[in-house]
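Here is how the chains run, residue by residue.
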Protein chains: 2
Amino acid sequence: MTTEMHPNRWGDPAQAAPLPESTRGLVELALGVRDTPAVEEVALPAVGLPDEVLAELRRLLGDDHVLTDDEHRRLRTRGKSTPDLLKARSGDLADAPDAVVRPGSHDDVVALIDLAVRHHVALVPFGGGTSVTGGLVARREGYAGVLSVDLGRMKAVREVDKVSMTVVLEPGLRGPEAEALLAAEGLMLGHYPQSFEFATIGGFAATRSSGQSSAGYGRFDAMVMGLTLATPQGTLEVGTSPANAAGPDLRQLALGSEGAFGIITAVRVRVKKLPETKAYEAWQFPSFDAGADAMRHLAQNGLMPTVLRLSDEAETMLNLASQSDVGGDSSGGCLMIVGFEDSINRREPITAALEELGGTSLGEERGAAWAEGRFHAPYLRDSLLDVGVLVETVETATFWSNRDALYAAVKGALTEALGEKSLVLCHISHVYETGCSLYFTVAAPADDAPLEQWAAAKARASQAMIDAGATITHHHAVGTDHKQWLAQEVGEVGVRILRAVKAELDPTSILNPGVLIP
Amino acid sequence: MTTEMHPNRWGDPAQAAPLPESTRGLVELALGVRDTPAVEEVALPAVGLPDEVLAELRRLLGDDHVLTDDEHRRLRTRGKSTPDLLKARSGDLADAPDAVVRPGSHDDVVALIDLAVRHHVALVPFGGGTSVTGGLVARREGYAGVLSVDLGRMKAVREVDKVSMTVVLEPGLRGPEAEALLAAEGLMLGHYPQSFEFATIGGFAATRSSGQSSAGYGRFDAMVMGLTLATPQGTLEVGTSPANAAGPDLRQLALGSEGAFGIITAVRVRVKKLPETKAYEAWQFPSFDAGADAMRHLAQNGLMPTVLRLSDEAETMLNLASQSDVGGDSSGGCLMIVGFEDSINRREPITAALEELGGTSLGEERGAAWAEGRFHAPYLRDSLLDVGVLVETVETATFWSNRDALYAAVKGALTEALGEKSLVLCHISHVYETGCSLYFTVAAPADDAPLEQWAAAKARASQAMIDAGATITHHHAVGTDHKQWLAQEVGEVGVRILRAVKAELDPTSILNPGVLIP
């Protein structure tokens, strides 16, 4: 498959397709449809970067790696949130970078940062372009220009340590590229966010990504043993050991820094042996509460499978309705997916526990169907946008005792904002001993100002998370979209710490300005 | 037992005892003995704090909680490293605080910080007083005085959430106090550093402590879900969820901050159900390498017991020699302790793996003997200091592939510095998928300037750790003793980050000045 996404849709352009007629009928019934094609004729703002800066960039990186043509600039404009897509579909490319630059090494990145400081040019690190929180939309005002720093040339596996089970990866490796190189060594990372096919190692680290197999392999930040961060004040290199007591853990300050403190040029990650067996099983629980309690029981009793996710009643109903080809019936309840990758020795006690807790196995066929389609949902969003249906997701996390209150608050906020006709679906896809994530998918008839329509709904949902004492984001990062609520989540002192670190490392604020730091 | 330690020895004063005659004979043979009693008549420096500050402190906290008598000041002078003990034994109390103050609440701590800023008084948070890295030795120069902030009145369990399996603990709870309060709820923390009997929750968090059951229950920093940090710029409260992507993890910046960024006034920790069964088994491996490889195999294959530790050949020989009462023979090899607390279902596969990897079970009797004496080693140090034998520990961690090189480098450095007559023992007590800790115990005949003698040895060992690419400390923290090497470990950029955060949160540097930040 290609590694360049469609400029105004998710994913591989070859997979862009209209909504199937049968689905269109269902959507028409539920939400109404109104054909809303994207504007394909678009005009980019002129390149604003001074000629002497472009010339210096070309001397530094070579002509092939300083791209100012419309096509490249368009492909590096914003990320893939629904607002990003709505803007792209309407022909708004105001956030296009002046140029796309492609450093080939840590030293190139260091030189690029030096140049950016001297000419006061904003740098936006670009991995897979899959941000859904406005992480690729730097502030332009006051800068000589904006450069998209495409890390796609930095794709090496720099070190393989099979004794320690760690590897050092360069930031531009996309998920499948990293896994293919590791598989040749009999190794794997096991990090499968929905953006897996396009997102990169650097992006996973910079945004604290979490993948669909987090129950078995952990979040990306938990996999990171060390990293290299190029900053305007020099390079931070941390990671002398799996864990230590040598003061605050600076790895955890670089992880989640979203390009605002520096550009990550290498990551040392923990790896696993390739699993010899994989099995995904579907389970039915009588209710979301019962399923969530079962998940909690597994997590608190050391019975974690590799994949563990649970849809609420609404999401289950919709999934079953759309998966009639895999034998779905509408017997209700909630669908759980339980995946085992080389954790087969835990399958027996996990199965016994799930049965004890009220679950009924639906077998491996539906589990396999989930695994087959696990990266596909974003394509459906584009097809729905084509027919005037607004689709977007928000996600959060909390401790178990607060799960139900948070669920009700966010679902209520979204429904109130988008109207009774909207659909609000939810699933739990990341489970810990002390709590879990909640991931909401929303569909509603788009009105004439869908950007404002969604902004209002997002604001209400986000405030509901804060008011419930939960996090503003479990795995989508802060970007520009969550800044306002990050300030509420970490408080004034937390914001002061972030600003102080930013001011120290990037005193002229050329690194992804406007992103992350409230 | 008492919770106040002897002023110039480890632990409960009632347990202070001369070296048993049999051991003294052995030590005389190996190292030579020279009776070196502690000076018991000591003089404290005069209280330097202005009267108006003392008066304000008394108005704030009450007369009972502002203590300037010799006894209290002596008990709050420094920690329990061998250099700390040597100074105390020689009558040097130059680092005594001017007063010991005992805040009873978060608000008291906030008010105390405010007072300290206004009068430029240095604050040294005091939990159990067990620091072995000079963490309780604040810089005095330029300050109106130094206050020991004894958190021993803050001992509440503030919240018990049995659904989420978290509790909120106040910082002054000592290990056994916290466990007793939790046990009444059927819960446990499972954090047993060697300092367990005296050290506190706040200290565990501030120093990134790791306990003897870290294989099963994790390091203390991994248990922390949230915390409250009182700083001169306001209070940081973090921990909305088990994990999130809301920017850098500020919990991990407060953990390990050693009182230099703020005073921790509450910690939300993950808890476990009390185990119904406990068993500790001793195993013998033919060599340190073979035992370490077996540990690595367990960690990399999801077969972790609750306790997992391995002594090298020298430590094994010494342990067996001193444990003749539990049936020790000198058949050589290396002793491993494998503990199971409610992890009995993993005992069978772990046993099979250990046998496959060359281990021989020595049964539960010796395992029980280890568990019985697990907090006792520091008492022996005092008895050895009494007879002129210098005893101290250093510890580090690295990735598995670097273990042997690090072991050789540190052991070589210590032996070269302390002479061929010195004993250098080592064990691995903390095991991860990607690496492990190394904990060295050293015994050598003290010369006439034992402080300088040890400082030289410590410097060589520390530089060997840095040169080997390992950490300067796996679980003893930075204090004042490791600052120089911390700068080498995290580099110039890392130091700048720490200084920037310090300057932001504590601009007049009244919080544990001189500690942590290079």
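Residues numbered from 1 in each chain as written. Chains lettered and ligands numbered in written order. Predicted model: local features only at pLDDT ≥ 70, side-chain atom pairs only at ≥ 80, totals over all residues. Heavy atoms only, no water.

### Observations regarding the sheet that holds strand 10 (residues 263-270) of chain B
All names here are of chain B.
Okay, so step 1: Pairing in this open sheet of five strands is antiparallel, and the strands run 5-6-10-8-9 from one edge to the other. For this open sheet the edge positions go to strand 5 (157-161) and strand 9 (234-238), each flanked by a neighbour on one side alone. Strand-to-strand twist in this sheet, taken as the mean axis angle between neighbours without regard to direction, amounts to 10°.
Okay, so step 2: In terms of strand pairing, strand 5 meets strand 6 (residues 166-169) through four bridges, oriented antiparallel. The partner of V160 across the bridge, within strand 6, is V167. (Pairing = 2+ DSSP bridges. Helix = DSSP H or I, 4+ residues; strand = E, 2+ residues; numbered from the N terminus. Axes fitted to C-alpha atoms, helices over the stretch in contact; angles between N-to-C directions.)

### Remarks on the sheet that holds strand 10 (residues 263-270) of chain A
Residue and element names in this part refer to chain A.
Okay, so step 1: A sheet is described by the order of its strands in space; here five strands give the open sequence 5-6-10-8-9, paired in antiparallel fashion. Of all strands in the sheet, those with a lone pairing partner are strand 5 (157-161) and strand 9 (234-238), marking the two edges. Taking each pair of neighbouring strands and ignoring which way they run, the sheet shows an average axis angle of 10°.
Okay, so step 2: Against the sheet, helix 5 (residues 106-119) touches strand 8 (224-231), strand 9 and strand 10, its axis set at about 40° to strand 8. (Contact = heavy atoms within 4.5 Å.)

### Regarding the pattern of salt bridges
Residues and elements named next belong to chain A.
Okay, so step 1: Evaluation of the coordinates by the stated rule reveals 58 salt bridges over all chains.
Okay, so step 2: The partner of R403 in a salt bridge is D289, and the shortest N-O contact between them spans 3.2 Å. With R403 in helix 16 (residues 403-418) and D289 in helix 11 (residues 288-300), this pair connects stretches of sequence that are 114 residues apart.
Okay, so step 3: Looking at D289, the relative accessible area reads 36%, which means it is partly exposed. (Salt bridge = Lys/Arg side-chain N within 4 Å of Asp/Glu carboxyl O. Buried < 20%, exposed > 50% of the residue type's maximum accessible area, 1.4 Å probe, protein only.)

### Examining the interface of chain A and chain B
Okay, so step 1: The partner chain B presents 76 residues to the 76 residues of chain A that form the contact.
Okay, so step 2: Both faces combined, the contact of chain A with chain B buries some 5,700 Å², and carbon together with sulfur accounts for 64% of it.
Okay, so step 3: Linking chain A with chain B are six salt bridges.
Okay, so step 4: Between K272 of chain B and E433 of chain A there is a salt bridge whose closest N-O contact spans 2.7 Å.
Okay, so step 5: At the junction of chain A and chain B, the tally comes to 30 residue pairs in polar contact (both at pLDDT 80 or more).
Okay, so step 6: With 12 residues, helix 18 (residues 483-505) of chain A is the largest single contributor of residues to the side of chain A that touches chain B.
Okay, so step 7: Residues that form the side of chain A that touches chain B fall into these classes: 31 nonpolar, 28 polar and 17 charged. (Buried area = accessible area lost by both parts, 1.4 Å probe. Polar contact = N/O pair within 3.5 Å; in protein donor to acceptor, adjacent residues only side chain to side chain. Nonpolar A, V, L, I, M, F, W, Y, C, P; charged D, E, K, R; others polar.)

### Looking at the pairing of strand 6 of chain B
All names here are of chain B.
Okay, so step 1: Along strand 6, one buried face is formed by T166 and V168 and the opposite face, lined by V167 and L169, is buried too.
Okay, so step 2: Of the pairings in the sheet, the one linking strand 6 to strand 10 comprises four bridges and is antiparallel in character. Counterpart to V167 in the pairing with strand 10 is V269.

### Description of helix 18 of chain A
Okay, so step 1: The terminal C-alpha atoms of helix 18 of chain A, which comprises 23 residues, lie only 20 Å apart, well short of the 33 Å expected from a rise of 1.5 Å per residue.
Okay, so step 2: Of all the bends in helix 18 of chain A, the greatest measures close to 110° and is centred on G491 of chain A. (Expected span 1.5 Å × (residues − 1). Bend = angle between axes of the 7 residues up to and from the residue.)

### What to know about the side chain of T77 of chain B
Residue and element names in this part refer to chain B.
Okay, so step 1: Within the secondary structure layout, T77 lies in the loop between helix 3 (70-75) and helix 4 (82-89).
Okay, so step 2: A distance of 2.7 Å separates a polar side-chain atom of T77 from the backbone oxygen of R73.
Okay, so step 3: Apart from the residues within four sequence positions on either side, T77 is in contact with L93, D95, A96 and P97.

### A closer look at the relation of the copies chain A and chain B
Okay, so step 1: For these two chains of identical sequence, chain A goes onto chain B by a turn of 180° and a shift of 0.0 Å along the axis, with RMSD 0.0 Å. On this basis, the relationship between the two copies can be described by a two-fold rotation axis.
Okay, so step 2: Interface overlap between copies is the fraction of interface residues in one copy that are interface residues in the other; for chain A against chain B it reaches 100%, indicating a shared surface. (Least-squares fit on C-alpha atoms with pLDDT ≥ 70 in both.)

### Thoughts on the environment of A55 of chain A
Okay, so step 1: Take A55 of chain A: it is sitting in helix 2 (residues 51-61).
Okay, so step 2: Along the primary structure A55 of chain A and V66 of chain A are separated by 11 residues, whereas in three dimensions their C-alpha atoms are 9.3 Å apart.

### Here we look at the confidence of the model for chain A
Residues and elements named next belong to chain A.
Okay, so step 1: The predicted model of chain A averages 95 in pLDDT, with 97% of residues at 70 or higher.
Okay, so step 2: Within the model, the stretch residues 324-328 combines pLDDT values under 50 with six contacts to residues more than four positions away or in other chains.
Okay, so step 3: Overall fold confidence for the complex sits at a pTM of 0.97, while the interface term, ipTM, reaches 0.96. (pLDDT = per-residue confidence, 0-100.)

### Details of the packing of helix 16 of chain A against helix 17 (residues 450-467) of chain A
All names here are of chain A.
Okay, so step 1: The interhelical angle for the contact between helix 16 and helix 17, taken along N-to-C directions, is 160°, at an axis separation of 8 Å. It follows from the interaxial angle that helix 16 and helix 17 lie roughly antiparallel. Handedness of the helix 16/helix 17 crossing: right-handed. Here L406, A409, V410, A413, L414, E416, A417 and L418 of helix 16 come into contact with helix 17, specifically with Q453, W454, A457, R460, A461, A464 and M465. (Parallel < 35°, antiparallel > 145°, perpendicular 65-115°, else oblique. Left-handed = near helix turned anticlockwise from the far one by under 90°.)

### Remarks on the pairing of strand 16 (residues 389-399) of chain A
Residues and elements named next belong to chain A.
Okay, so step 1: Along strand 16, 11 of the 11 residues are buried, which leaves the element largely enclosed by surrounding structure.
Okay, so step 2: Both strand 16 and strand 18 (residues 435-445) contribute to a ladder of 11 bridges, which runs antiparallel. Residue L390 lies in a different strand from strand 18, and its bridge partner there is A444.

### Focus: the packing of aromatic side chains
Residue and element names in this part refer to chain B.
Okay, so step 1: The full count for this structure, using the stated rule, is 14 aromatic pairs over all chains.
Okay, so step 2: Ring plane angle 70° and centroid distance 5.2 Å describe the contact between Y192 and F196, whose orientation is recorded as edge-to-face. Here the two residues Y192 and F196 agree in accessibility, since each one is buried.
Okay, so step 3: Between F288 and Y407, the ring centres sit 5.0 Å apart and the planes meet at 40°, which makes this aromatic pair tilted. Remark: Y407 occurs in helix 16 (residues 403-418) and F288 occurs in helix 11 (residues 288-300); sequence separation between them is 119 residues. (Phe/Tyr/Trp six-rings, centres within 6.5 Å; stacked < 30°, edge-to-face > 60°.)

### Digging into helix 16 of chain A
Residue and element names in this part refer to chain A.
Okay, so step 1: Helix length check: helix 16, at 16 residues, gives a terminal C-alpha distance of 22 Å against a target of 22 Å (1.5 Å per residue), a fit within 8%.
Okay, so step 2: Residues of helix 16 that are buried: R403, L406, Y407, V410, A413, L414, T415 and L418.
Okay, so step 3: At its buried positions, helix 16 is contacted by helix 11, strand 16, strand 17 (423-428), strand 18 and helix 17.
Okay, so step 4: Once helix 16 ends, the next one or two residues include G419, with phi positive near 95°.

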